[in-house]
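Here's the letter readout for the chains.
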Amino acid sequence: MGLLVQVFKWDQRWCLLHRVDILLRRGIKKQAVYPTKLAEVGRLVEARDDRYETGQLFLHRIFGYRGVILFPWTARVYDRDLHNPGKISATTTTTTGSPNQQHRTKESSLRVKANNSVPPPVTTAQGGDAPTSAAYQADAPGEAESSTNVGTATQVDPKEVKGKVQTFYQVLIDTRDCPHIRAQTEAVTFLGNQDSNRSLYAIPGLDYVAHEDIMPYSSSEKSPLQHELFDKFLTHAPEADPPFVGQDTLKAWQEKNHPWLDMSDVHKETTENVRITVIPFYMGCRETPASSVYWWRYCIRLENLGELSVQLRERHWRIFSLSGTLETVRGRGVVGQEPILSPRLPAFQYSSHVSLQAPSGHMWGTFRLEREDGYSFDCKIPPFSLESKPDDLGPPTTATPSTHDKKRDDSD
């Protein structure tokens, strides 16, 4: 009997040692697969009040990715918070005791004061503990529940708020950073060639960035950014400032694709310290035997300016068409996700699409958000116009098929 007890104890010890060995091996393997280190990519330079030039390298203030400026856009920003002093006061009161939150809610551009003699190095994390990327996927069947009411409806005029002219930039994103940012990197889409073709195509690694989100830096590398279009659009010029200048191919590409790249209006509104920014883009018209179908894409950013984490649970859209229809769309999350906006990772950005059988319309709605303390609230999506243009949109020459190869109507 004593021998059996001793054998049983040995067996228990062997099982314990075996489990510890498995855990150690897993830990070593994880460290080998996901090594994390900081690497210097350049040196910060002082931010500017005026426009940045083509070829300026930068870090994105919110998402942290490396990028390069291709060319500027001028847009009118309709910020509903500026016309509602109560909202601004509430936000200011909420964030008074937190320097981090004050930093994120400032309207002025971020200023990085660099030392003239020894500028601070710019470093980026390399490895597996970078933020989780946003999946770019089509709607699941049955994801949205919609109902359409035909008749007259009260239109919401998004331009009842006075717009302010601001500068945005068309930029390239470093492909090494694409998997680690909470923003879709294939968000700039366009329609296929054929009138009956509802496929959407994308140029990966394109983004629109506001002037205040640019953190400029310099690099001594001849190819500091990894993107298939970098060497096609820009050339290294050591004597220039910045030391990368646009080639003729960039100018030709900009002129050819200007209609579907063009941005004109930006809409912002804050509810309970969560700011929603919307940028709509007209994509073109597709003729069918029965009618004409007009397409738009819209980019939405959610940004948590508060101290407590919030999670997006539901979306509720209302889409008014000039033809007289008012459609209501409800569903869980956005683009298949229910993102959490925390003080550490405060922002999430995605794009979706809408089509109307009329040349213009409006969209507005709410996101249902749940705070970490259990409090739920509806965050307003600012109303924005859907305006068509002369349909001379041609597909860009450097496009690749998007994962959106089927219709994605206004459900995100």
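Keep in mind that what you see is a predicted model, and the values were worked out from it rather than measured.

This part covers the overall build of the protein. Across its full length, the protein carries five helices and 22 strands. For the protein, the residues scored as buried account for 49% of the 412 residues in total. Put simply, 76% of the contacts in the protein that link residues at least 6 apart link residues at least 24 apart. When the accessible surface of the protein is split by element, carbon and sulfur atoms take 52% of a total near 20,500 Å².

A few words now on the pairing of strand S13 (residues 265–271). In terms of burial, S13 is largely enclosed, as seven of its seven residues are buried. Neither face of S13 is exposed, since Asp265, His267, Glu269 and Thr271 on one face and Val266, Lys268 and Thr270 on the opposite face are all buried. Pairing of strand S3 (residues 66–79) with S13 involves four bridges; the strand directions are parallel. Residue pairing in the sheet places Val77 in a bridge with Val266 of S13. Examined bridge by bridge, S13 and strand S14 (residues 274–287) share five bridges and lie antiparallel to one another. Counterpart to Thr270 in the pairing with S14 is Arg275. Connecting S13 to the antiparallel partner S14 that follows it, the hairpin turn spans two residues, and Glu272 within it adopts a positive phi of roughly 50 degrees.

For helix H5 (residues 248–261), which comprises 14 residues, the first-to-last C-alpha distance of 18 Å matches the rise-based estimate of 20 Å (1.5 Å per residue) to within 8%. Remark: the principal bend of H5, roughly 40 degrees, maps to Glu255, with a proline, Pro259, within the next four residues. Listed as buried for H5 are Leu250, Trp253, Asn257, Trp260 and Leu261.

Right, let's get into the side chain of Gln311. By the element assignment, Gln311 lies in strand S16 (residues 310–321). Taking the relative accessible area as the measure of exposure, Gln311 reaches 18% and is therefore buried. Among the polar contacts made by the side chain of Gln311, one reaches the side chain of Arg313 at a distance of 3.1 Å. Once residues lying within four places of it in the same chain are set aside, the contact partners of Gln311 are Glu338, Pro339, Ile340, Arg368, Leu369 and Glu370.

Taken as a whole, the protein shows an average pLDDT of 76; of its residues, 66% reach a score of 70 or greater. Ignoring residues within four places in sequence, the model shows residues 14–31, a span with pLDDT below 50, making zero contacts including any to other chains. With pLDDT under 50 throughout, residues 123–156 is counted as low confidence; its partners more than four residues away or in other chains account for 99 contacts.

Going through the model one piece at a time under the given rule, you end up with 17 salt bridges. Ionic pairing is found between Asp213 and Arg61, a salt bridge with its closest N-O pair at 2.9 Å. Within this pair, whereas Asp213 is found in the loop between strand S9 (206–210) and strand S10 (214–218), its partner Arg61 is found in the loop between strand S2 (57–60) and S3, the two being separated by 152 residues in sequence. For Asp373, the salt bridge identified is with Arg371, shortest N-O distance 3.0 Å. Take Arg371: its relative accessible area is 22%, and that puts it in the partly exposed class. Salt bridges linked by common partners bring Arg313, Glu314, Arg332, Glu338 and Glu370 together as one network.

Judged by nonpolar contacts, the single largest core of 35 residues is most densely connected at Leu70, Phe168, Trp253, Leu261 and Met263. Among the elements that line this core, the one with the most residues is S3, at six residues. Listed in part, the 30 residues of the second largest apolar core include Ile276, Val329, Val354 and Ile381.

Rules of the game
Residues numbered from 1 in each chain as written. Predicted model: local features only at pLDDT ≥ 70, side-chain atom pairs only at ≥ 80, totals over all residues. Heavy atoms only, no water. Helix = DSSP H or I, 4+ residues; strand = E, 2+ residues; numbered from the N terminus. Buried < 20%, exposed > 50% of the residue type's maximum accessible area, 1.4 Å probe, protein only. Contact = heavy atoms within 4.5 Å. Areas by Shrake-Rupley, 256 points an atom, 1.4 Å probe, with all protein chains shown as cover. Pairing = 2+ DSSP bridges. Expected span 1.5 Å × (residues − 1). Bend = angle between axes of the 7 residues up to and from the residue. Polar contact = N/O pair within 3.5 Å; in protein donor to acceptor, adjacent residues only side chain to side chain. pLDDT = per-residue confidence, 0-100. Salt bridge = Lys/Arg side-chain N within 4 Å of Asp/Glu carboxyl O. Core = buried A, V, L, I, M, F, W, Y, C linked by side-chain atoms within 4.5 Å.

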